[in-house]
Amino acid sequence: MSTFEVGINTLTDVTALSNIALDVRDMASDLKSGNLLVAQRIYTQGANSALYDVFGEETLDKLTLKSMGQAGSGQWMDDPSFTFQMLGLSSVQDSAAEAISKHSNYADYYISTLLNDQTTADNAAAAQATTILTVHINAIHKLWEGFIDCTMVQKGYNPEEDQTGKIDPKRKYDEFVALYVGAGQVLGPSWEGYLLYALAQAASKKFDTVDENGESLVNKEIRGLYEWVQRIMSEEDYCKRDESISELWTINNRIIAKMNLSMMQMLIDSMHNENHFYLVPIYARAIIPQLSQCRTSIQRKLKSYLLDKEYERDDFSRILPLLQQSYDCLGFSCEQVGAYSSDKVAECGDYTENHPMAGFVPKVDVQTISKVDLDMHAIRQLLKFPTGDDNIIPQMYYKHGRAAVINEDKYAYDVQSLQEMARSSIVEQWSPYYSDYVSYHGQEFYADTVIMNEFKRNAGTDTQQDALLLSWMQLGVVTEYLMGLLGSADQMCEGSTDEDPTKWWDAFAATYIGSLEGIDLGGSDQTIDGFMLWNVANRRAVSFDTQNDDYYADINNEMLELLFAGQAQLLRNDCNNFAKTVSRALHLMVIPLIQSVIWYAIKNEGLIASSNDDGLVIGEVAAKSVLPIVNKFDPNAARIIERNMVRSSDDNFVPVVDGPQAVANAFYLVLDEIGWGCDYVGHADGVEACQLESATGPRNNGSSKQGAVTILALLANTIFWGYSAWLS
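Residues numbered from 1 in each chain as written. Predicted model: local features only at pLDDT ≥ 70, side-chain atom pairs only at ≥ 80, totals over all residues. Heavy atoms only, no water.

Trainee: It is not clear to me how the overall build of the protein should be interpreted in this structure. Could you clarify?
Mentor: Scanning the protein from N- to C-terminus turns up 35 helices and 8 strands. Taking 728 residues into account, the globule formula puts the C-alpha radius of gyration at 27 Å, and the protein, at 28 Å, falls close to it. Seen along its three principal axes, the alpha-carbon backbone of the protein occupies a region of about 90 × 60 × 55 Å. Looking at the protein as a whole, 60% of its 728 residues qualify as buried. A separation threshold of at least 6 residues defines the contact pool for the protein, and within that pool the share at least 24 residues apart is 69%. For the protein, the computed accessible surface area is about 28,900 Å², with 47% contributed by carbon and sulfur atoms. Distance between charge centres in the protein, computed from 54 positive and 99 negative side chains, equals 2 Å. (Helix = DSSP H or I, 4+ residues; strand = E, 2+ residues; numbered from the N terminus. Rg over C-alpha atoms; globule rule 2.2 N^0.38 Å. Buried < 20%, exposed > 50% of the residue type's maximum accessible area, 1.4 Å probe, protein only. Contact = heavy atoms within 4.5 Å. Areas by Shrake-Rupley, 256 points an atom, 1.4 Å probe, with all protein chains shown as cover. Lys, Arg positive; Asp, Glu negative; His and termini not counted. Charge placed at Lys NZ, Arg CZ, Asp CG, Glu CD.)

Listed below in structure tokens is the structure:
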């Protein structure tokens, strides 16, 4: 056990590791005194932090800050924070291997450069950088090591029988404390220290985010979260329960969010205070790469301002709003960041319940729900790098979520996850097409089953596996969940429960659009940002020539009109017309799926069945996501789509054997049935969704009531099924 003056007693002895703080202290002192060679020797050879062999005997060597700055070199595959760091530092065209090769030693490289620069010695910049860059990422890594070790214990590993201590979740979490607090940290009023606890104190003082005793709110909350870890680790069968894994996942993400909050505060300080300009590139290297898990266009702009060139004070007014737009993604709010020096930089405004999304203004607070796209984006980023057994970290994002926090109570903390969406009772009870999906796929929760099986198939850097996972989340899980939300909104309007239907209607909008699109009408002008069906529609609109004059999809423009119409109908309790609006929205969102099937039919024509082209996988998933609806209205058309798009075990399978036009034609009657004409699908590469119309004459221009009648009948069946289920 180690005792820290700040009120923490660890379960194991981590005193030796905490003494790395004294190396930082001594380096800073020597740099300020002009003893550059001594500071370099401390950095490369160590001075205060002893190392021990497997038998517990102290060795002649010392732990060094230099070795810690190189520790991530190709070895931290199950550390999402390190992966985001590599992605955020690298260029767009860099492969995973290139990113690791160029940037895995980023902390050591930068600090070694500072130590060879005589001009920075007076400011002790290198010593400060060891805390900001090296200790920070190593402390976070200890959290992820503790989490991974806990999953190993759940699988049957016994740390008590391992004399090497290689897998020991208790110790890993204690080592986090050693690196966060460090030796020599004291309480107020001075709060003197050398590592991250002291950094958070300095940051909180600048932004007036301290408690009545002067302690940083960040430090207070991290101490409380560590105490939660201790309770879990003190259980008799620690790490054996699924709840323990889920709780530790949540705790890790919450601690890291607090740590990043302090880094953000100090970055703002260094950009604003000209005496601290020398710290801008250091703090920027700590926090800006982490935005690779956030909105891509913003991360790239900030990288261009702060990492790709020297910081210019004139850019402050352009940089600050971009940083503030990223707070929510990183897990903290404007209020938690606070105002800098009372009035130098005002506290920004947090999201309100009517925060716009791509031009839509909700009536209730659904911003949190929209953020599930951040988890999909994180999974996409993480799958670019090799991962460990069962793709454990991407799988945790899918199973437990990170971004869409529903309840922020300290211990009742709840996050909406993609797996919860995939297995939601909302879909089961209220989706008009639920039984059609179950019947077609032969089981409930088909998308979730495919995703979990694929996570457990360790395929290395197989891009087809990545494509399958991501496309099933985007086109399968989200689509069915949206149908459930629409069905729920309709049922609430009809009075089947006392709940406000506006909540479900706005939740549909939030899930259809997503948080990554931003607030502007039409969504982000960069299609690299989005991940939900709104983004799919915008990307397909470019290919199918179905954009409006504002350069976003006609489909999305129509959807916005439906969303506002639905709100107005709910306001006046016009449930009859609202049901028709629900019908049109439900079937309109199917159009991007149909376009995707046709698009990949075009792309996949000429490929062989064994091709490793991602398009084969994405095209198949898109087809399977819409085939239950096609099969309901036109089984013959479903067989045509299957024959061309769904890979089979038949060695004679040929992708798009009938050609992409045959696939497009297969949707013609279905489009008529669901009430939207083929004009909304458009044309791409010579393939016309409306080709059959020239032979048969126009059947539906999108104004027919057929789709509304169809959905009303479906919803009527849903009502009966729902009441019957409750009665039974």
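Next, the rest of the story.
Trainee: Which parts of the structure should I look at to understand the packing of helix α3 (residues 36-45) against helix α7 (residues 106-115)?
Mentor: In contact at an axis separation of 10 Å, α3 and α7 are set at 160 degrees when each is read in the N-to-C sense. Relative to α7, α3 is oriented roughly antiparallel. For α3 against α7, the interelement crossing comes out left-handed. Residues L36, Q40 and Y43 of α3 lie in contact with α7, whose contacting residues are D108, I111, S112 and L115. The residue makeup of the contact of α3 with α7, split by class, is 4 nonpolar, 2 polar and 1 charged. (Axes fitted to C-alpha atoms, helices over the stretch in contact; angles between N-to-C directions. Parallel < 35°, antiparallel > 145°, perpendicular 65-115°, else oblique. Left-handed = near helix turned anticlockwise from the far one by under 90°. Nonpolar A, V, L, I, M, F, W, Y, C, P; charged D, E, K, R; others polar.)

Trainee: Honestly, helix α28 (residues 575-588) in this entry has me stumped. Any pointers?
Mentor: An α-helical segment advances 3.6 residues per turn. Residues three or four places apart therefore align on the same side. Along its 14 residues, α28 runs 19 Å from first to last C-alpha, staying within 8% of the 20 Å computed at 1.5 Å per residue. By the criterion of burial, α28 is predominantly enclosed, with 10 of the 14 residues buried. Of all the residues in α28, the buried ones are C575, F578, A579, T581, V582, S583, A585, L586, H587 and L588. (Expected span 1.5 Å × (residues − 1).)

Trainee: Sorry if this is basic, but what is going on with the nonpolar core here?
Mentor: Nonpolar side chains tend to gather and get buried jointly when the protein is soluble and globular. L306 and Y512 are the most contacted members of the largest nonpolar core, which totals 243 residues. Per element, the largest residue contribution to this core is 17 residues, and it comes from helix α24 (residues 463-493). Beyond its immediate sequence surroundings of up to four residues, L306 is in contact with L267, M271, V280, A284, I288, Y311 and I319. (Core = buried A, V, L, I, M, F, W, Y, C linked by side-chain atoms within 4.5 Å.)

Trainee: Sorry if this is basic, but what is going on with the pattern of salt bridges here?
Mentor: When the charged atoms of two side chains with opposite charge come close together, those side chains can pair. On inspection of all chains with the given rule, the structure shows 30 salt bridges. We note a salt bridge from E215 to R223, for which the minimum N-O separation is 2.5 Å. Just as E215 is buried, R223 falls in that class too. Between K309 and E312 there is a salt bridge whose closest N-O contact spans 3.6 Å. The network of salt bridges with common partners includes K142, E145, R171 and E175. (Salt bridge = Lys/Arg side-chain N within 4 Å of Asp/Glu carboxyl O.)

Trainee: Would you mind showing me how to read the confidence of the model for the protein here?
Mentor: Low-confidence regions, as indicated by low pLDDT, have predicted coordinates that should not be scrutinised in detail. On average, residues of the protein score 90 in pLDDT, and 91% of them reach the 70 mark or higher. Residue range residues 697-728 is modelled with pLDDT below 50. Its contacts to residues more than four positions away, or to other chains, number 53 contacts. (pLDDT = per-residue confidence, 0-100.)

Trainee: What should I look at first to understand the packing of aromatic side chains in this one?
Mentor: Any aromatic ring pair is given by two values, namely how distant the centres are and how the planes are angled relative to each other. Per the counting criterion, the structure on display carries 22 aromatic pairs. Plain terms: the ring middles of Y433 and F633 are 6.5 Å apart, the flat faces sit at 80 degrees to each other, and that makes the pair edge-to-face. In this pair, Y433 is assigned in the loop between α21 (425-430) and α22 (434-441) and F633 in helix α30 (residues 614-633), connecting sequence segments 200 residues apart. Measuring from centroid to centroid gives 6.2 Å for W534 and Y552, while their planes differ by 20 degrees, and the two rings are stacked. Of the two residues, W534 sits in helix α26 (residues 533-544) while Y552 sits in the loop between α26 and α27 (554-571), which places them 18 residues apart along the sequence. (Phe/Tyr/Trp six-rings, centres within 6.5 Å; stacked < 30°, edge-to-face > 60°.)

Trainee: Hey, could you run me through the environment of K632 in this one?
Mentor: Following the sequence through the fold, K632 ends up in helix α30. It is 9.0 Å that separates the C-alpha atoms of K632 and Y440, two residues lying 192 residues apart in sequence.

Trainee: How do you make sense of unusual backbone geometry when you look at a structure like this?
Mentor: Most peptide bonds are trans, and most residues other than glycine sit at a negative phi. In this model, G188 is joined to P189 through a cis peptide bond whose omega is 10 degrees. As for its position among the elements, P189 is in the loop between α9 (169-181) and α10 (196-207). Unlike most non-glycine residues, N391 shows phi in positive territory, near 45 degrees. Mapped onto the secondary structure, N391 falls in the loop between α18 (372-382) and α19 (392-400).

Trainee: It is not clear to me how the packing of α10 against helix α12 (residues 242-272) should be interpreted in this structure. Could you clarify?
Mentor: The relative placement of two packed helices comes down to the angle between their axes together with the axis-to-axis distance. Interaxial distance between α10 and α12 falls to 9 Å at its minimum, and their mutual angle equals 55 degrees. Judged by the angle between their axes, α10 and α12 are oblique. Both α10 and α12 take part in a crossing whose hand is left-handed. Together, L196, L199, A200, A202, A203, S204, K206 and F207 of α10 and M259, S262, M263, Q265, M266, I268 and D269 of α12 make up the contact between the two elements.

Trainee: Is there a simple way to explain the pairing of strand β4 (residues 58-62) in this structure?
Mentor: With 2 bridges connecting them, strand β3 (residues 50-52) and β4 associate as antiparallel partners. Bridge pairing links Y52 to E58 in β4. Taking the residues that link successive antiparallel strands as the turn, the β3-β4 hairpin has 5 residues, and the phi of G56 there is positive, at about 85 degrees. (Pairing = 2+ DSSP bridges.)

Trainee: Looking at this model, I keep getting lost on the environment of A16. Mind explaining?
Mentor: Inspection of the secondary structure puts A16 in helix α1 (residues 15-18). Between the C-alpha atom of A16 and that of K62, which follows or precedes it by 46 residues, the distance is 9.7 Å. Not counting residues up to four positions away in its chain, the partners in contact with A16 are S49, A50 and Y52.

Trainee: How do you make sense of α9 when you look at a structure like this?
Mentor: Taking 1.5 Å per residue as the helical rise, α9 with its 13 residues ought to reach 18 Å, and the 19 Å between its terminal C-alpha atoms agrees with that figure. Counting buried positions along α9 gives 11 out of 13 residues, so the element sits mostly inside the fold. Looking at α9, one finds that the buried residues are P169, K172, Y173, D174, E175, F176, V177, A178, L179, Y180 and V181. Of the residues one or two after α9, G182 is the one with positive phi, at around 80 degrees.

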